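Tertiary structure, described
Listed below are the residues making up each chain.
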Amino acid sequence: MSLLNIGRTAVLSSNTLLNTTGNNIANINTPGYVRQRTEFVSQQFGLGVGQGTTERLVSEFSQKQLRRDTTSAAYSSQYLSEASRVDALFSNAANSISTGMNNLFQQIQTANNDPTQLSNRQLVLGTSQSLIDQFSNMSTLLSDQEQFLNQQLDVYVKDVNDFVSQIAAYNVEIVNYGSSAGRPVPLDLLDKRDAAILKLAEFVDIQTVDAKSGEKLVFMGTGQSLVVERGQFNLLSMRGDPDPNDREILLTLRENADAKVALSAQGIGGKMGALTDYRLQVLNPTQQQLGQLGLTLADSMNQQNKLGLTLNGTIGQNLFTLPSSKGLAFKSNSANSSVIVEIEPGKANQLPPNNFLVKIVDATTATVTALDEMGQPYLDSNGQPDLTKVKTLTSATGFPSVTPFTADDANGDLFGLKLTISGVAGDEFILKPLSSAARELQMATSRAEDVALSGPIRGEYLISNLGNGRVEGVTVFNTNPADSAFLSNGLRDGPYTVTYQGFNSVAGEHIFEIADNTGVIGESRFTTNNFNNMFENSTSVPNLKEQLGFDFSLTGIPKPGDIFTLDFNTNGYNDNRNGLAMSALQNESLVRRSPDEQSSAVNLYSFNQSYGIMVGNIGERTRQARTADEANIAILEQTTLWYESLSGVNLDEEAADLIRFQQSYAAAAKIIATSQEIFDTLLQSVR
């Protein structure tokens, strides 16, 4: 009987081995299937083979490494896909804003060569319109990509929730089977759960922990729970507060929707992390820098045009209309609270490529804080708020204030903003003056005559002068009739005369008398014969330069009694002095690099430098993403081979096992036959 029992257990064990091998071969193309192996132990006293156990061949270490590498590869692939779109957009020469700016300044130079030609001025306006159209088109494409990114986030959130639900459901099924040997967990359930976890790893960075009950607990790489014992969290893609376009990712407990946890935009990993990082590192900075460049260029052109004389003989006005915007109010703000955001004329060069936080601190005080790329206030080297990037505003009448806040209310630097604030203590607003600025720029005029190429002041000397002094370096810095000597088509109390009184040997000074058409208004004194900035050196009227809005210098050596006049440049059509100053804007450092204090010249760029840095950042991010993607794909391939070497089905190996188990089955059957023959022989011997 023992030989028969041995044969019986051998046949059964061989049959089980054949079934296991056949199942492996049958599922070679099944996604997520893990190779199985059946192992047996011998029975005591040489009574055959004992009960077998079928298990999956899987290494926990290689499996976790596969998930990590899957997350990394999915992240870099998604990031590269998004960044490549913007890189292709800005690397296309047809879309180059730098070329558009160069064309504009080239047309200004052409107009300077013959300022009397109306057609040349019309070309300046036409090129300006083409340039702001380029700004608008590029900004619109970036805005479209932001909307597409938000749609992708919504889809990915749904996918993540589906996989989390699948994992939680598999956990419940596995726990219901228990851990008894009489009712083992079907191995295909474990395969399906592992496959769902691997798919989840494509979207977010995850970690897993085995619970005693047999459940797999899943956590995000940043520590938040996704699958807990007998429960799960769901991801929510919410409209941001206060900006609805900035999607917020929240975790909420499925059994209690009120339990919400906000996720940081950094560290999510996977495809979702790639989208949030791409938005922070490429999309938002590019949109902001594009808006900053457009506003600074338009404001600089406006200010210079207002310092010149048009073809109609009047003081120039704005060439471009700069957009205004509204601050984004938080949901917790009081009713009717608001912030109106404008760019202070002539201060766009103080505008950094940042968003800002406005907070009403108390009844009379508000702060304006520059925010970093994460939307948080800057910190200093000690981890404390960087107060150099915080501007404090005071209003004796509360909010709203009587007049808008400008740079004069913030020690000369309010980040180029002009703010009208209404609200109560505790109200907060996010300001995004650059997010849509590039596509909202408009031309303020279509008349070619309005391009102001001439200088508004003409300096002359009397033919009767005995010396060789000449008026040079006439500079105009303010033509606003409200606070300068300029009228729309003339000079208040002009002309202005400067008469050299001679050298006072006692005081050691050269003396010049300054007069307008009403009489003497002051004098200037110089201790050397460098007669620069005549009105700035006025001793009797210290702020004469600011009162008039212009200044000049004398070259040569005047003689006592020599008279020099400064008058409105009536009929100065052949004059291109202001046009030359406008053309010189191309190479001036006018674009602010960061919200750091402007005391350093390295914090300012020219227009082309600013655009080049923006495009360079896009190209560098794309290059890094491409390199990372190539590396992560190669690593994932190696890890997959490592994982498959144990857990994957190898046809050659399974075929060899199939032959071996067939032979063992035949041998086991032979044992039974032999046992039968022995038994028959024993029966015959008894008879």
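Right, let's walk through the structure included here. (Residues numbered from 1 in each chain as written. Predicted model: local features only at pLDDT ≥ 70, side-chain atom pairs only at ≥ 80, totals over all residues. Heavy atoms only, no water.)

One finds L200, L226, M301, L419 and I421 to be the most contacted residues of the largest nonpolar core, which totals 101 residues. Of all the elements, helix 4 (residues 118-177) adds the most residues to this core, at 18 residues. Among the nonpolar cores identified, the runner-up in size contains 27 residues, and L307, L491, I514 and L554 belong to it. (Core = buried A, V, L, I, M, F, W, Y, C linked by side-chain atoms within 4.5 Å. Buried < 20%, exposed > 50% of the residue type's maximum accessible area, 1.4 Å probe, protein only. Helix = DSSP H or I, 4+ residues; strand = E, 2+ residues; numbered from the N terminus.)

For N112, the location among the structural elements is in helix 3 (residues 97-113). On the basis of relative accessibility, which here comes to 2%, the residue N112 falls in the buried class. The residues contacting N112, other than those within four sequence positions of it, are L453, N576, G579, L580 and S583. (Contact = heavy atoms within 4.5 Å.)

A few words now on the packing of aromatic side chains. Under the criterion given, the structure shown has 17 aromatic pairs. Their ring planes at 15 degrees and their centres at 6.3 Å tell us that F105 and F607 sit as a pair that is stacked. Taken as a pair, F105 in helix 3 and F607 in helix 9 (residues 607-647) lie far apart in primary sequence, 502 residues in all. With a relative accessible area of 2%, F607 lands in the buried category. Between F535 and F550, the aromatic rings sit 5.5 Å apart at their centres with planes inclined by 75 degrees, giving edge-to-face as the arrangement. (Phe/Tyr/Trp six-rings, centres within 6.5 Å; stacked < 30°, edge-to-face > 60°.)

Another aspect to go through is a nonpolar patch on the surface. Nonpolar side chains collect at one region of the surface, where L3, I678 and L682 lie side by side and expose about 250 Å² of accessible area between them. Checked against the element boundaries, L3 lands in helix 1 (residues 2-26). (Patch = residues over 30% accessible without salt bridge, like charges linked within 9 Å, V, L, I, M, F, W, Y side chains within 5 Å. Areas by Shrake-Rupley, 256 points an atom, 1.4 Å probe, with all protein chains shown as cover. Salt bridge = Lys/Arg side-chain N within 4 Å of Asp/Glu carboxyl O.)

Axis separation between helix 4 and helix 5 (residues 187-203) bottoms out at 9 Å; the angle between their running directions is 155 degrees. With respect to helix 5, the axis of helix 4 lies roughly antiparallel. Crossing angle aside, the handedness with which helix 4 passes helix 5 is left-handed. Taken together, the residues of helix 5 that come into contact with helix 4 (itself represented by Y156, D159, V160, F163, V164, Q166, I167, Y170, N171, E173, I174 and Y177) are L189, L190, K192, R193, A196, I197, K199, L200 and F203. Class assignment for the residues of the contact of helix 4 with helix 5 results in 14 nonpolar, two polar and five charged. (Axes fitted to C-alpha atoms, helices over the stretch in contact; angles between N-to-C directions. Parallel < 35°, antiparallel > 145°, perpendicular 65-115°, else oblique. Left-handed = near helix turned anticlockwise from the far one by under 90°. Nonpolar A, V, L, I, M, F, W, Y, C, P; charged D, E, K, R; others polar.)

With 41 residues, helix 9 extends 58 Å from end C-alpha to end C-alpha; this agrees with the ideal 60 Å at 1.5 Å per step. Among the residues of helix 9, F607, S610, Y611, M614, I618, T622, A625, D629, N632, T639, Y643 and S647 are the ones counted as buried. Those residues of helix 9 that are buried are in contact with helix 2 (60-91), helix 3, helix 6 (270-305), strand 26 (591-592) and strand 27 (604-605). (Expected span 1.5 Å × (residues − 1).)

With that out of the way, let us pick up the sheet that holds strand 17 (residues 428-431). Backbone hydrogen bonds are what pair the strands of a sheet, in a parallel or an antiparallel way. Spatial ordering of the open sheet is given by 11-17-13-14-15, a layout of five strands whose pairing is antiparallel. At either margin of the open sheet sits one strand with a lone partner, and together these are strand 11 (328-329) and strand 15 (390-394). Sheet topology note: the strand 13 (residues 356-360)/strand 17 ladder contains four bridges and is antiparallel. The residue bridging K359 from the neighbouring strand is E428, located in strand 17. (Pairing = 2+ DSSP bridges.)

Glancing now at the environment of Q129. Structurally, Q129 is set in helix 4. Between the alpha carbons of Q129 and L104 there is a distance of 9.6 Å; along the sequence they are 25 residues apart.

All right, on to the sheet that holds strand 21 (residues 496-504) then. Reading across from one edge, 19-25-21-22-23 is the order of the five strands in this open sheet, with antiparallel pairing throughout. Two strands in the sheet have a free side with no partner beyond their single neighbour: strand 19 (457-461) and strand 23 (519-526). This sheet shows a mean twist of 20 degrees between the axes of neighbouring strands, independent of strand direction. Direction of pairing for strand 21 relative to strand 22 (residues 509-516): antiparallel, over a ladder of seven bridges. Bridging from a neighbouring strand, N504 pairs with E509 of strand 22.

Take the pattern of salt bridges next. On inspection of all chains with the given rule, the structure shows 30 salt bridges. Across the salt bridge formed by K271 and E202, the nearest N and O atoms sit 3.9 Å from each other. Here E202 lies in helix 5 and K271 lies in helix 6, a separation of 69 residues in the sequence. By relative accessible area, which is 22% here, K271 ends up partly exposed. A salt bridge links D657 to R660, with the nearest nitrogen and oxygen atoms 2.9 Å apart.

Let us look at the packing of helix 3 against helix 4. Their axes nearest at 9 Å, the elements helix 3 and helix 4 cross at an angle of 170 degrees. Regarding the angle of helix 3 to helix 4, the classification is roughly antiparallel. Here helix 3 contributes I97, G100, M101, N103, L104, Q107, I108, T110 and A111 to the contact with helix 4, which in turn contributes N120, R121, L123, V124, T127, S128, L131, Q134, F135 and M138. Across the contact of helix 3 with helix 4, the residue classes break down as 10 nonpolar, eight polar and one charged.

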